[in-house]
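# Inside the fold
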Amino acid sequence: MFANLSRNDWLLFLGFSIVVLISPWTLTPFGAGYPALLQKFCIFGIFALGFNILFGLTGYLSFGHAAFLGVGSYAAVWSFKLFTMNVLPSVIFGIAAAGLFAVVIGYISLRRSGIYFSILTLAFAQMSYNLAYSVLTPITNGETGLQLTLNDPRIIDNAFAAPGAGLPQTNLFGIDMSGYPGFYFCAAALIVCFFLTMRIFRSPFGMMLRAIKSNQNRMRYTGFNTRPYLLTAFVISGMYAGLAGSLMAATDPLAGAERMQWTASGEVVLMTILGGVGTLVGPVLGAGVIKYFENIFSSFNEGTLHAAFAFLPVGLETVMVKLAGLFVGEGWHLTLGVIFMLIVIFLPGGIMEGIARLAKLAGIKRKPSHADMSAGSAQPAE
Amino acid sequence: MHFDKMNRRGFLTSTAALGAGLAMPTIFTSASRAQEYCNMPTGDTVVFGFNVPQTGAYADEGADELRAYELAVKHLNGEGDGGLLNTFTSKALKGSGVLGKKVAFVTGDTQTKSDAARDSAKRMIEKEGAIMITGGSSSGVAVAVQGLCNEMGIIFMAGLTHSNDTTGKDKKRYGFRHFFNAYMSGQALGPVLAEEYGTDRRAYHLTADYTWGWTQEESIINATEKLGWETVSAVRTPLGAGDFSQYITPVLNSGADVLILNHYGKDMVNSLTQAVQFGLRDKQVNGKDFQVVVPLFSRLMAQGAGKNIEGILGTTNWNWSLQDDASQAFVKSFGEEYGFPPSQAAHTCYVQTLLYADACERAGTFAAPEVIKALEGFEFDGMGNGPTLYRAEDHQCFKKALVVRGNDDKQSEYDLLKVVKEVDREALTYDASIFGGDLGPNEGKSC
């Protein structure tokens, strides 16, 4: 099973795992070392990794991946409500539900490629969002969001122990899933997902997907039926999204319809492009950057700015605060937009291309591996 | 190392190393639990978390709430003119911070989305050490954040949330609401409707499809049917629909003579404007003038609806035109600070902050279980709504509510609502058990 991985791959995997596991300490100086944000890094890292399997390898740009995230969340919360507060069944339940949903949507959407595929997936996601928002209210609790209540059945838990006072916490065989234990659970999932993605990238199946990206017609002429490969890739990436969704529910047992909104689908596209399409580590980096901006920059208010520019003379300080105030607080989208523009214009291969260029400048020679060949050349299929 | 030929020993050493790595952080987390309760303030400041919508449909309200919070912090720290501290009947607060600590604050953007709101609340609790979270301008968000705070053992002082569920079905031990609710709107509005429009009316409801809309529709139907009104139909509309014409056309042919809009914010502005454009208010049905009623009003919404709101009846929690000392004091210090009068959202948020600070001062500690005890059953006055009770059974405030009418004789650009009637607290009080729900235990939690 480990045959396709080179020594470099193993080093990358080891390095990645270490970086993820020590992030609570390394990220503290940047103000990001608290469990809720670290969990988000891992969860959206998984989401972006899965998205990259589809977009990075086959070039099929799905604009509706948030639907799978939402389905995973709802399935997980229902597992908490009906069966048990243990997170393992909920994660399995979430992955399975998202996978099934992906089979249905993929089967229909993959009949088209390019922009038509994107529009189809967008339409399906928007449909799911509206269903969750209003029509399916008994299942999704509409805009309010699905939450745990005191009188949920929780069959399995209640069979073993009498329910205590207050709402139970999500747990992994007794370990509370909020705070740092929750982060380590998500981190473990991220590491496993990273490993699986690496395996897919290096496998003949991954090669097949890349071939679809480079020229699908040629593939068909040589006698390959591309549809099953595409559908498999679509379902796998849907399951990654389902896992991410169920982890969101595991660390915070609530599922809201806005998780399925098109902006959420767009966000994962941004993450992947920002980090580097078709690279292994890029999407995780992109997810981290976007979540960091969302959480940290949006929390700066005028008080923080005044403190930051306190060393300047009074008049200049006010001007600087006014100016910088545009880019923080509610203006964090603006900062993100500027960074995104700069990266797309100057580093089309995303952050990973930037890192590669830096490495080149520093004179480190790297053997180009096949993962990097597709970097910077994100083209739609056909 | 040859990973492709993984042997038993190699496997054992690597998994052991990984396991040790995973277990290591528990040392650190157990050490950090030495504090007695979640986010116990240790320095000379105490941090409040203000979680308001800064982007999206309720951004106007959020901005006004934030202004009120900043004003409240100033007054607590003894800056400015002291505002409602001078009229508040509890004199525990001296304008020198809370329990000798200066009040600092952190802010977050809820984006009017449950997820984003819980994210920013978590950040404020886990990273910035907020001892209390307050804010919100949507019942969905308030219910979601209240649930989170209850889990983490942090007190949540709800801002603008009008759904019965917040202190009904979804009430929580750690959540408190000063704002009134849909049930009270129904009770307050009913008698005025009967007086103005008679007891023989046929009502048609358009309702925003989420927790607040559902409970308001239910409460208003109950109140109006008690008067003898008939409910023709109650139609749910998606939130943020923008175009309501497809929902308004059927009203014309339904035989209804009153349209009740259970909409808020931009939705209400749109649906009301379209109803007026369709000529509903000029029609005669069943020999009576057709009427439109908007049960929950705010001044900011009235600004959006412009002339269309004139003459329309509704309710609000508070309005800046009230003449009692407390309301005047608040309008004065808010006006001096920002140059315009506060909205009802600003008022409730300001009051909630003061009430929390006062409860800490009276309890002599920031420990949540003690503060909760100090708030439960607390009776006070001098906050702009007359004598008020924080009921222990459901953490809902009971006080006066206002029935208002869109003003057609404006003295200034902010003079949009005319108070028709101040409804006494007795008329609005209900049995705490009618909405179900359970507060849960009052136990200390460490986060």
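Predicted, not measured: the structure shown is a model, and the values here were computed from it.

Scoring rules and cut-offs
Residues numbered from 1 in each chain as written. Chains lettered and ligands numbered in written order. Predicted model: local features only at pLDDT ≥ 70, side-chain atom pairs only at ≥ 80, totals over all residues. Pairing = 2+ DSSP bridges. Helix = DSSP H or I, 4+ residues; strand = E, 2+ residues; numbered from the N terminus. Axes fitted to C-alpha atoms, helices over the stretch in contact; angles between N-to-C directions. Contact = placed C-beta atoms within 7 Å. Nonpolar A, V, L, I, M, F, W, Y, C, P; charged D, E, K, R; others polar. pLDDT = per-residue confidence, 0-100. Core = buried A, V, L, I, M, F, W, Y, C linked by C-beta atoms within 7 Å. Buried ≥ 20, exposed ≤ 12 C-beta atoms within 10 Å, placed from the backbone. Domains from an automatic or database assignment.

## Structural notes on the sheet that holds strand β5 (residues 175-177) of chain B
Residues and elements named next belong to chain B. Strand order in this open sheet of five strands is β2-β1-β3-β4-β5, and the pairing throughout is parallel. On the outer flanks of this sheet lie β2 (102-109) and β5, each paired with one strand and no other. Strand-to-strand twist of the sheet, defined as the mean angle between neighbouring strand axes without regard to direction, takes the value 25 degrees. Where strand β3 (residues 132-135) lies against strand β4 (residues 155-158), four bridges are found, and the strand directions are parallel. Within β4, the position partnered with Ile 133 by the bridge is Phe 156.

## Brief notes about the interface of chain B and chain A
Interface size is often expressed as the accessible area that is lost when the parts come together. In this complex, chain B contributes 35 residues to the contact, which on the side of chain A involves 35 residues. Top contributing element to the side of chain B that touches chain A by residue count: helix α4 (residues 114-126) of chain B, with seven residues. Taken together, the residues of the side of chain B that touches chain A sort by class into 11 nonpolar, 11 polar and 13 charged.

## So, the confidence of the model for chain A
Considering every residue of chain A, the mean pLDDT works out to 86; 92% of them sit at 70 or more. Confidence drops under a pLDDT of 50 for residues 369-382 of chain A, and excluding neighbours within four residues, the segment shows 38 contacts in the predicted structure.

## Here we look at unusual backbone geometry
All names here are of chain B. Of note, the phi angle at Gln 111 is positive, near 55 degrees, even though the residue is not glycine. If you trace the backbone, Gln 111 turns up in the loop between β2 and α4. A positive phi is found at Thr 112, a non-glycine position, where the angle reads about 55 degrees. Mapped onto the fold, Thr 112 is located in the loop between β2 and α4.

## Some details on the nonpolar core
Counting residues in each nonpolar core, the largest one holds 232 residues, and the members touching the most others are Ile 46, Phe 47 and Ala 244 of chain A together with Ile 155 of chain B. Sorting elements by how many residues they give to this core places helix α3 (residues 35-58) of chain A first, with 16 residues. When residues of this core are sorted by domain, at least three fall in each of domain 1 (45-180 + 320-399) and domain 2 (183-316) of chain B. Those residues in contact with Ala 244 of chain A, other than ones at most four positions away along the chain, are Ile 43, Phe 44, Ile 46, Phe 47, Leu 69 and Gly 72 of chain A.

## Focus: the domain arrangement of chain B
Residue and element names in this part refer to chain B. Parsing chain B into structural domains produces domain 1 (45-180 + 320-399) and domain 2 (183-316). Measuring from the centre of the C-alpha atoms in domain 1 to the corresponding centre in domain 2 gives 30 Å. Taken together, the contacts link 15 residues of domain 1 with 16 residues of domain 2. Within the residue set of the side of domain 1 that touches domain 2, elements represented by two or more residues are α3 (59-76), α5 (139-152) and α12 (344-363). The element best represented in the side of domain 1 that touches domain 2 is α5, accounting for three residues.

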